[in-house]
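Now for the letters of each chain:
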Amino acid sequence: LGCATANVGKDYVPNSVLNRGLLIFSMSVVVEDNYFQHLRLGIRSTDGGGKYIVELLGHSLRANAEWDSPTGRLVYLELPQGKYELYGWQYWPNHECCLPLKAPREFTVIEGRATYIGNIHFTVSPRSEAYKFEIRDMSERDIPLLMSRLPNLEPSQVNSEILEQ
């Protein structure tokens, strides 16, 4: 899934499709020396379903950032209900393989509900090859932005499941 697209429209109603829910998070990045190519985040089902790759493309992010300091975007995806995990991330084209997380971060997508898992924040220092991945609670910024985009979503339908560091 590219960073410039969402797989639901503004008329989305969370309980309109059986066995599906909405995953919500934001991605942000600080890159030293303004050197930024692309970031990928790996999400997979632990129930035997599929794998999903969410990308922040450098050129698109610069042109379409939703906030600065740090630069970032809100991500919301409709997925089949079930258990999922963040399993790795990739800074590319410099790294060809996914950098695994020390431990996968697990969460659940619930039918007819929206699950907010936090802000996935990256700090990248390409010259020194130092990389940092952290999860922060930015719900005070992210949830109102989501509600403005999806007016049929009710606050009572949003579940907060901030992932552990």
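One numbering rule holds for all chains: residues counted from 1, following each sequence as written. Whole-chain, interface and lining totals are the exception, using all residues; otherwise, since this is a predicted model, local features are given only for residues with pLDDT of at least 70 and side-chain atom pairs are given and counted only at 80 or more. Note: side-chain values were computed over all heavy atoms of the structure, leaving out hydrogens and water.

1. Looking at unusual backbone geometry
In this structure, Asn19 is a non-glycine residue whose phi angle is positive, near 65°. By the secondary structure assignment, Asn19 is in the segment before strand 1 (20-31). What counts as a helix is a DSSP run of H or I of at least four residues, what counts as a strand is a run of E of at least two, and both are numbered from the N terminus.

2. Considerations on the pairing of strand 3 (residues 51-57)
Strands were regarded as paired on the criterion that DSSP finds at least two bridges between them. Summarising the sheet, strand 2 (residues 38-45) and strand 3 pair through seven bridges and their orientation is antiparallel. Paired with Arg40 across the strands is Glu55, a residue of strand 3.

3. Digging into the packing of aromatic side chains
Working definition: rings of Phe, Tyr and Trp (its six-membered ring) pair if their centres are within 6.5 Å, and the pair is stacked with planes under 30 degrees apart, edge-to-face with planes over 60 apart, and tilted otherwise. Overall, the coordinates contain three aromatic pairs when judged by the stated rule. Both rings, one in Tyr52 and one in Tyr84, keep their centres 6.3 Å apart while their planes meet at 55°; by these two values the pair is tilted. In this pair, Tyr52 sits in strand 3 while Tyr84 sits in strand 5 (residues 82-92), placing the two residues 32 residues apart along the sequence. Take Tyr84: its relative accessible area is 3%, and that puts it in the buried class. Seen from their ring centres, Trp89 and Phe122 are 5.0 Å apart, and the 45° between their planes marks the pair as tilted. Residue Trp89 is located in strand 5, and its partner Phe122 is located in strand 7 (residues 114-125); the two are separated by 33 residues in the primary sequence. Accessibility assignment for this pair places Trp89 and Phe122 in one class, buried. Each residue gets one of three labels from its accessible area relative to the maximum for its type: buried under 20%, exposed over 50%, partly exposed in between, using a 1.4 Å probe on protein chains only.

4. Re the nonpolar core
Working definition of a nonpolar core: buried Ala, Val, Leu, Ile, Met, Phe, Trp, Tyr and Cys residues. They are joined through side-chain atoms within 4.5 Å. Residues Phe25 and Phe122 are the most contacted members of the largest nonpolar core, which totals 26 residues. Elements with a contribution of two residues or more to this core: strand 1, strand 2, strand 3, strand 4 (71-80), strand 5, strand 6 (99-109), strand 7 and strand 8 (130-136). Contacts were defined at the residue level, with two residues in contact if any of their heavy atoms lie within 4.5 Å. Once residues within four sequence positions are removed from consideration, Phe122 is found in contact with Met27, Ser28, Val29, Val30, Leu39, Leu41, Trp89, Lys132 and Phe133. Tyr12, Leu74, Met147 and Leu153 belong to the second-largest nonpolar core, a separate cluster that totals 15 residues.

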